[in-house]
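# Structural description and commentary
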Amino acid sequence: MQASRARLFKEYKEVQREKVADLDIQLVCDDSNIFKWTALIKGPSETPYEGGVFQLAFSVPEQYPLQPPQVRFLTKIFHPNVHFKTGEICLDILKNAWSPAWTLQSVCRAIIALMAHPEPDSPLNCDSGNLLRSGDVRGFQSMAKMYTRLAAMPKKG
């Protein structure tokens, strides 16, 4: 547990240094628990998520970095690899392809990459995956844009 705290503290200092450099990711550590983090990530450009800001919740195990963090979307998102109700993310690096070389920041980058390049063959959101697998890219994009507008964009007025 001491090693995981030291690693997380190191990542915390790194995040503080990089705040200005990486404008697409804002990682924040819980004030009272270094094992709880949140992130705000910007939807990648030229995707239905562009213009949206999505909140992620990180729950870091005491065995970190030997075990991956649990990460889920708090913001509703229409994406084949994200469970619509729970926000669970299907991403290999959060499961069997985890390596201690990954950091919370690099996990955020991988999630942004997944947003830009969905994997419809292993869906957690079957409706979304089925649209893409059947070739209805336009239908998928309009649904994803709608949910981005409803859940991930600031309300006007």
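All values reported here derive from a predicted model rather than from experimental measurement.

### Topic: the overall build of the chain
Broken down by element type, the chain carries four helices and four strands. In the chain, the order of α-helices and β-strands from amino to carboxyl end is α-β-β-β-β-α-α-α. For 157 residues, the compact-globule formula gives about 15 Å, and the C-alpha radius of gyration of the chain, at 16 Å, lands near that figure. Considered along the principal axes of its C-alpha atoms, the chain spans approximately 50 × 40 × 25 Å. Looking at the 157 residues of the chain, the share that counts as buried comes to 41%.

### Describing the layout of surface pockets
The calculated volume of the largest pocket comes to roughly 290 Å³. In this structure, the largest pocket is lined by 17 residues; those nearest its centre are Ala57, Ser59, Gln70, Val71 and Arg72. Listing elements by their share of the lining of the largest pocket, those giving two or more residues are β1 (25–29), β2 (36–42), β3 (53–59) and β4 (70–73). Across the lining of the largest pocket, the residue classes tally to nine nonpolar, three polar and five charged. Taken as a whole, the second largest pocket spans an internal volume of roughly 160 Å³. For the lining of the second largest pocket, the secondary-structure elements that each account for two or more residues are α1 (2–18) and α2 (104–116). Among the elements that make up the lining of the second largest pocket, the one with the highest residue count is α1 (six residues). Residue classes in the lining of the second largest pocket are distributed as four nonpolar, three polar and six charged.

The rules behind the values
Residues numbered from 1 in each chain as written. Predicted model: local features only at pLDDT ≥ 70, side-chain atom pairs only at ≥ 80, totals over all residues. Heavy atoms only, no water. Helix = DSSP H or I, 4+ residues; strand = E, 2+ residues; numbered from the N terminus. Rg over C-alpha atoms; globule rule 2.2 N^0.38 Å. Buried < 20%, exposed > 50% of the residue type's maximum accessible area, 1.4 Å probe, protein only. 1 Å grid on protein atoms, 1.4 Å probe; cavity = no way out; pocket = protein on both sides within 12 Å on 5 of 7 lines; lining within 4 Å. Points joined across faces, edges and corners; volume = space filled by probe spheres on them. Nonpolar A, V, L, I, M, F, W, Y, C, P; charged D, E, K, R; others polar.

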